[in-house]
Amino acid sequence: MAENRIHIFDTTLRDGEQVPGCKLNTTEKLELALQLEALGVDIIEAGFPISSPGDFEAVAQISQQIKNATVCGLSRAVQKDIEVAGAALKHAQRPRIHTGIGTSDLHIKSKFNATRDEIISRAVQAVKWARNLVGDVEFYAEDAGRTDNEYLARVVEAVIAAGATVVNIPDTTGYCLPQQYGDKIAYLINNVPNIDKAILSCHCHNDLGLATANSIAGVINGARQIECTINGLGERAGNTSLEEVVMVMKQHKYMGYYTNVKSEMLNPISRLVSDTMRMPVQPNKAIVGANAFSHSSGIHQDGFLKDSLTYEIINPEEVGAEGSKIVLTARSGRSALAHRFEKIGYQFNRNDIDVLYSRFLEVADTKKEVVEADLHQMAQAYKPAMATN
Ligand code: KIV
Ligand code: ZN
């Protein structure tokens, strides 16, 4: 198997930006592209240049500013699209054209009213047009998740022979199970004779909540690029979340896979993307959600306060999060209450805490969260003389 470095292809500025309400202007795209480069992604899919003059301009400006990452532009398997993508990428240090066409029988019949052989000819032609413009061409077999594996292998072999350097196997509709998607990648690795000439890429959508699991299954079976977005943004239920796949590989180091992403930038960039796109991150989102490092149940809080490893597999600093939080709710326990009192300067013994805990539960039952001001009130009503602040 080829080397274990996994290339991170970020498509926040293309698939992520397709989310209704997330549209970015050129300045915003450029700022995010520079941050993505600093984060350490290998490829930035900057946009779909033929889609609008604004997107052409954004891809062109990003191409001029980005020095280390590959800058990629999307196109359909249409000559004009490919030429426009090539023009937008003209000044990129490392340009890549991403072109492709639907390969499932459903797409072939319903979208193109074509035959399987005609689709292969169009795919090959598109890759050749793109290779005349840039040395790095990625081909996407749209709806590969629902494409028959034998036919998909023929497509992949043909586009590699035509010059594709990367072949993207999108689960466009988020349909596959991890085992199925992994088997698909394994089938291609084992049945495409020229597969050693290209990298296979995972592009998984999250319609069934399986995008991260499917991408990791793809890597385990031989793919060496993952297409993903910050905060898992993307069409419909979104794409594979960058922060999740990066941390899966970091947490399971024994598998041997690694990326160049600087994990301590994950939370700051998540907030930047959320603010710039005005798209909030769900609080329970893995790695970057507001509750990713919050502990609220008494059982968890007690264990966490004895040894944080009991309930946290990631050190918040490792992903640039603010830190772990002990949140007080009606489900919290005495250790958490004592801990929070201590944090704001009150030292109580066990008997004090027993008494205060009953009062705490009365308050907690009336609200979602007991906050610092409530604790001060309780402490001062109990034994004002003991307060140290
Ligand atoms: O989901 C998909 O198939 C895509 C392609 C354009 C790569 O986004
Ligand atoms: Zn997609």
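Please refer to the structure higher up on the page.
Quick caveat, the model's predicted, so the values are computed rather than measured.

1. Thoughts on unusual backbone geometry
Among all residues save glycine, negative phi is the norm, and among peptide bonds the norm is trans. One non-glycine residue with positive phi stands out, namely aspartate 143, at about 65°. Secondary-structure assignment places aspartate 143 in the loop between β5 (137–142) and α6 (149–162). With a relative accessible area of 0%, aspartate 143 lands in the buried category. With a phi angle near 55°, arginine 236 is a residue other than glycine that sits in the positive phi range. Note that arginine 236 resides in the loop between β8 (225–228) and α9 (242–251).

2. A closer look at the pairing of β8
On a regular strand, each side chain points to the face opposite its neighbour's, so the side chains alternate between the two faces of the sheet. Alternating positions in β8 separate into two faces, Gln225 and Glu227 on one and Ile226 and Cys228 on the other, with burial throughout. With four bridges joining them, strand β1 (residues 7–10) and β8 adopt parallel strand pairing. In the strand pairing of β8, isoleucine 8 is matched with isoleucine 226. Pairing analysis gives three bridges linking strand β7 (residues 199–204) to β8, with the strands arranged parallel. Bridging from a neighbouring strand, histidine 203 pairs with glutamate 227 of β8.

3. A look at the coordination of the zinc ion (ligand 2)
Each pair of donors in an ideal octahedron of six around a metal sits at 90 or 180 degrees, and each pair in an ideal tetrahedron of four sits at 109.5 degrees. Asp15 (OD), His203 (NE2) and His205 (NE2) make up the full set of protein donors to the zinc ion (ligand 2), lying at 2.1 Å. Binding-site remark: the zinc ion (ligand 2) is held by donors from one chain whose sequence spacing is D-x187-H-x1-H. Residue histidine 203 shares its accessibility class with histidine 205, and that shared class is buried.

The rules behind these values
Residues numbered from 1 in each chain as written. Chains lettered and ligands numbered in written order. Predicted model: local features only at pLDDT ≥ 70, side-chain atom pairs only at ≥ 80, totals over all residues. Heavy atoms only, no water. Helix = DSSP H or I, 4+ residues; strand = E, 2+ residues; numbered from the N terminus. Buried < 20%, exposed > 50% of the residue type's maximum accessible area, 1.4 Å probe, protein only. Pairing = 2+ DSSP bridges. Donors = N, O, S within 2.8 Å, 3.2 Å for Na, K, Ca; no water.

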